[in-house]
Amino acid sequence: MSFINEAVVGVRKPLLEARFPFIRSEHLRDAMTWCATDYYTKASIGGRFEARGIVVIGESRQGKSTEIETILQAFNDGTTLMPDGRPAKIVSCLLSGRVTWKDLGVVILEVLGYPLRGRHSQTEIWSKVRKYAELQGVVGIHFDECQHVFTAVDTATNQKILDSFKSLLKDHNWPLMLIFSGIPSLATQIKKEEQLDRLLRVVSFDGIDLSRSSDKEELTHLFFSYGDKAGIGIEDLATVDFLQRLSFAACFRWGLVIEILIEAFSLAAFASDKTCTIDHFSEAFSKISGLSKGYSPFTLKDYQNNFDQAKMLAMIEQTRKKKAPRQKES
């Protein structure tokens, strides 16, 4: 007996695979082109040079990781060649908690396919990172959730981390482009090291603001694009009031908007007339937030005064953690 509901897979898979062309993705691509072109030009001349990098900042659930993953897949597809003729690569590592510079080197070596055995000094570890990066044609590293390497009180340790990042950009033998992504406080930390900061370009993923015509148009386009992908009727929902409720329910975060759209459209796809209604969005919000069914910004008249944004976001994160598979303890 199979536990796979093929009908649900058929509805949700195209929605989960969809990639909406946000304006911010163009800004990220421009920054990547700037970095790669600078690297190629200097590498083709030869000798020592400084690589450049990108800082991608935004609150959680703004879609940073998805956009970066998409751009890295394009970069790593074999079409971007370096002067030595090899395809350029950028590897990525997720920093899920506080780590030391030595720990970070170990993580990157694992990503490069060289897990360490035995004891090694910090200097030995990072020497291996540079060696294996050069051997594989890896010209950059993406540090996701990079704010975790910094502490609020230990400024001396923070400065050492910043100096170490700077040394990767300026390495005499194999400089590396760096991509940092995280919450806005990350940019504040990086600005404390002037030499590092001047080598980086900031790309900001801002929240939804419907007072901006560009955001209103982008949200409308996003709504209809996912509706078309789901193959359901949504015209009755295309009102200013609904878009305001949708952005509010998503805590003004683009990533959460997409999650709500996918959930609501998946529910509507099994309706007899394949038409999406407010009730579908209310149920989708309940699934994502863990709040009682029917109690949502989509159904309450005075919704802005009935929900606290910070508490609502905390509920969404808590529900997400409950749904995530628990890791086996060692």
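Note that the structure is a prediction, hence the values are computed from the model and not measured. (Residues numbered from 1 in each chain as written. Predicted model: local features only at pLDDT ≥ 70, side-chain atom pairs only at ≥ 80, totals over all residues. Heavy atoms only, no water.)

**Some details on the overall build of the protein chain**
What counts is decided by this rule: Helix numbering and strand numbering both begin at the N terminus, where a helix is a DSSP run of H or I of at least 4 residues and a strand a DSSP run of E of at least 2. Note on classification: 1.4 Å probe, protein chains only; a residue is buried when its accessible area is under 20% of the maximum for its type, exposed when over 50%, partly exposed between these limits. All accessibility values rest on the Shrake-Rupley procedure with a 1.4 Å probe; residue burial counts only the protein chains present in the view. Working convention for charge: Lys and Arg count positive, Asp and Glu count negative, and His plus the chain ends are omitted. Working definition for charges: the position is that of NZ of Lys, CZ of Arg, CG of Asp or CD of Glu.
What the protein chain contains, in helices and strands, is 14 helices and five strands. Overall size of the protein chain, expressed as C-alpha extent along the three principal axes, is 65 × 50 × 40 Å. When each of the 330 residues of the protein chain is scored for burial, the buried share is 44%. Put simply, the protein chain shows about 17400 Å² of open surface, and 51% of that area lies on carbon and sulfur atoms. A distance of 6 Å separates the average location of the 42 positive side-chain charges in the protein chain from that of its 41 negative side-chain charges.

**A few points about the sheet that holds strand 2 (residues 89-94)**
To keep it simple, the criterion reads: The criterion for strand pairing is that DSSP finds at least two bridges linking the strands in question. Angles here are taken between N-to-C directions and fall from 0 to 180 degrees, while the axes themselves are lines fitted to C-alpha atoms, restricted in helices to the stretch in contact. Contact criterion: two residues are considered in contact whenever any of their non-hydrogen atoms come within 4.5 Å of each other.
Read across the open sheet, the five strands follow the order 2-3-4-1-5; overall the sheet is parallel. Each end of this open sheet is capped by a strand with a single partner; those strands are strand 2 and strand 5 (200-204). Averaged over all pairs of adjacent strands, the angle between their axes in this sheet comes to 15°, without regard to strand direction. Where helix 6 (residues 155-170) meets the sheet, its contacts fall on strand 1 (53-57), strand 3 (138-144), strand 4 (177-182) and strand 5, and the angle it forms with strand 4 comes to roughly 145°.

**Considerations on unusual backbone geometry**
The general pattern is negative phi for most residues beyond glycine and trans for most peptide bonds. One non-glycine residue, C251, adopts positive backbone phi at about 55°. In this model, K274 sits at a positive phi of 50°, which is unusual for a non-glycine residue. When you line up the elements, K274 lands in the loop between helix 11 (254-268) and helix 12 (278-289). Since its relative accessible area comes to 42%, K274 is described here as partly exposed.

**Comments concerning the nonpolar core**
Worth spelling out the cut-off: Throughout, nonpolar core names a set of buried Ala, Val, Leu, Ile, Met, Phe, Trp, Tyr and Cys residues whose side chains join them through atoms within 4.5 Å.
Counting 59 residues, the largest nonpolar core has F143, F165 and F180 as its most contacted members. In terms of residues, this core owes the most to one element, helix 2 (residues 23-45), which gives six residues. With residues near it in sequence (within four places) discarded, F143 still touches C93, L95, L104, I108, F165, L168, L178, I179, F180 and S181. Counting 44 residues, the second-largest nonpolar core is a separate cluster that includes I262, A264, Y303 and M312.

**With respect to the pattern of salt bridges**
Selection criterion: Salt bridges are counted wherever a side-chain nitrogen of Lys or Arg sits within 4 Å of a carboxyl oxygen of Asp or Glu.
For the coordinates displayed, the defined rule picks out 16 salt bridges. Its salt-bridge partner being R130, residue D171 comes within 2.7 Å of it at the nearest N-O pair. Of this pair, D171 sits in the loop between helix 6 and strand 4 while R130 sits in helix 5 (residues 122-136); the two residues are 41 residues apart in sequence, bridging distant segments of the chain. Here D171 and R130 have matching classes, each one buried. Between R245 and D241 there is a salt bridge, with the nearest N and O atoms lying 2.9 Å from each other. Note that R245 and D241 are positioned in helix 10 (residues 240-249) at a spacing of four residues, about one turn of the helix. Judged by its relative accessible area of 38%, D241 falls in the partly exposed class. One continuous salt-bridge network, built from bridges that share partners, spans D38, K42 and R52.

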